Amino acid sequence: MRALATVGVYEATLDSFLAALHAANVHLVIDIRQRRAVRGREYAWANAQRLQAALLRERIAYSHHKELAPTTELRQLQYAEDSRQGVGKRSRQVLAADYTDRFRREILNEADLGGVIEEMPPNATTALLCVERDPAACHRSLVADDLAPLLGTPVRHLYP
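Since we're looking at a predicted model, the values are computed, not measured.

1. As for the side chain of Ser141
Move 1: Within the fold, Ser141 resides in helix α6 (residues 140-151).
Move 2: A relative accessible area of 11% places Ser141 in the buried class.
Move 3: Ignoring sequence-local partners within four residues, the contact set of Ser141 consists of Pro135 and Ala136.

Written out as structure tokens, the structure is:
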């Protein structure tokens, strides 16, 4: 049976990240970032080429689904709400309602989730990857919420 997880980068090290993936039996990481880089020396390991190399060494497959990432315009909408609330990207706890509505309408309603499901390995876990630690503060939770009923499985949020 296919299983679904989400995982973020913030507050993780490469070692803790990989350990969390192995503990959850993750065989595929689907990167749903628009830009596959993370600012900060401590997160250099999560930049696309380094991350892909590390996953390859661990025998974990990698796939990038940019179509599941928010557009720059949508990200700016969330950043404006973060600013209004006085929170930073790394301390956000929830997504803005307008952002959530538009992400569902503009991204998820147009996405081929069936194709994503076909890519997922049977009898293993697939993890949706983005940067925020808290899934409720990240679009990956919205993608997972749409995938879970199609898979008939709950979503597990990993905290490396």
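2. So, the packing of aromatic side chains
Move 1: By the definition in use, this model includes three aromatic pairs.
Move 2: On the basis of an interplanar angle of 50° and a centroid distance of 5.0 Å, the ring pair of Phe17 and Trp45 is categorised as tilted. Here Trp45 lies in the loop between β2 (26-31) and α2 (48-57) and Phe17 lies in helix α1 (residues 14-23), a separation of 28 residues in the sequence.
Move 3: By relative accessible area, Trp45 is classed as buried at 11%.
Move 4: With 6.1 Å between their ring centres and 20° between their planes, Tyr99 and Phe103 make a pair best called stacked. Highlighted residues: Tyr99 and Phe103, both in helix α4 (residues 97-106), separated by four residues, approximately one helical turn.

3. A few points about the sheet that holds β2
Through backbone hydrogen bonds, the strands of a sheet pair up, either in parallel or in antiparallel fashion.
Move 1: Overall, parallel pairing links the five strands, which are arranged β3-β2-β4-β1-β5 in an open sheet. Single-partner strands in this sheet number two, and they are β3 (61-64) and β5 (155-158). In this sheet, adjacent strand axes meet at a mean angle of 25° when their direction is disregarded.
Move 2: Two elements, strand β1 (residues 3-7) and β5, share four bridges in a ladder whose sense is parallel. Note that in β5 the partner of Ala5 across the bridge is Arg156.
Move 3: Where α1 meets the sheet, it contacts β1, β2, β4 (125-129) and β5, and its direction lies at approximately 155° from that of β5.
Move 4: The strands touched by α6 are β1, β4 and β5; relative to β1, the strand with the most contacts, the crossing angle is about 175°.

4. Section: the pattern of salt bridges
Move 1: Under the counting rule described, the total for this entry stands at seven salt bridges.
Move 2: Glu11 is the partner of Arg133 in a salt bridge, and the nearest nitrogen-oxygen pair spans 3.4 Å. Remark: Glu11 occurs in the loop between β1 and α1 and Arg133 occurs in the loop between β4 and α6; sequence separation between them is 122 residues.

5. A look at the pairing of β3
Move 1: With four bridges joining them, β2 and β3 adopt parallel strand pairing. Counted as the bridge partner of Asp31 is His64 from β3.
Move 2: The β-α-β motif built from β2, the intervening α2 and the parallel element β3 has right-handed crossover chirality.

6. Side note on the layout of surface pockets
Move 1: Roughly 570 Å³ of internal volume is contained in the largest pocket.
Move 2: Lining the largest pocket are 24 residues, and of these Arg35, Arg75, Tyr79, Lys89 and Val131 sit closest to its centre.
Move 3: Element by element, the count of residues in the lining of the largest pocket is highest for helix α3 (residues 72-85), at five residues.
Move 4: Its residues placed into classes, the lining of the largest pocket shows eleven nonpolar, five polar and eight charged.

Criteria and thresholds
- What you see as residue numbers is a count from 1 along each chain, following the sequence as written.
- Side-chain atom pairs in this predicted model are given and counted only at pLDDT of 80 or more, local residue features only at pLDDT of at least 70, and totals for whole chains, interfaces and linings cover all residues.
- Excluded from the side-chain calculation are hydrogens and water; included are all heavy atoms of the structure.
- Helix and strand definitions follow DSSP, with helices as H or I runs of at least four residues and strands as E runs of at least two, each counted in order from the N terminus.
- Buried, partly exposed and exposed residues are distinguished by accessible area as a fraction of the type maximum, computed with a 1.4 Å probe on protein chains only: under 20%, between the cut-offs, and over 50%, respectively.
- In what follows, residue pairs with any heavy atoms lying within 4.5 Å of each other are defined as contacts.
- Aromatic pairing here means that ring centres of Phe, Tyr or Trp (its six-membered ring) are within 6.5 Å. Orientation follows from the plane angle: under 30 degrees is stacked, over 60 is edge-to-face, and everything else is tilted.
- Paired strands, in this sense, are two strands between which DSSP finds at least two bridges.
- Between N-to-C directions, angles span 0 to 180 degrees; the directions come from axes that are lines fitted to C-alpha atoms, helices contributing only their stretch in contact.
- Definition used for salt bridges: Asp or Glu carboxyl oxygen within 4 Å of a side-chain nitrogen of Lys or Arg.
- Orient the strands so they point away from the viewer; a crossover is then right-handed if the path from the first strand over the helix to the second runs clockwise.
- The rule is simple: put a 1 Å grid over the protein atoms alone, call a set of points where a 1.4 Å probe fits but cannot get out a cavity, call an open set with protein on both sides within 12 Å along at least five of seven lines a pocket, and count a residue as lining if it has an atom within 4 Å of a point.
- Grid points are joined across faces, edges and corners, and a volume is the space filled by probe spheres set on the points.
- Classification used: nonpolar for Ala, Val, Leu, Ile, Met, Phe, Trp, Tyr, Cys and Pro, charged for Asp, Glu, Lys and Arg, polar for all others including Gly.

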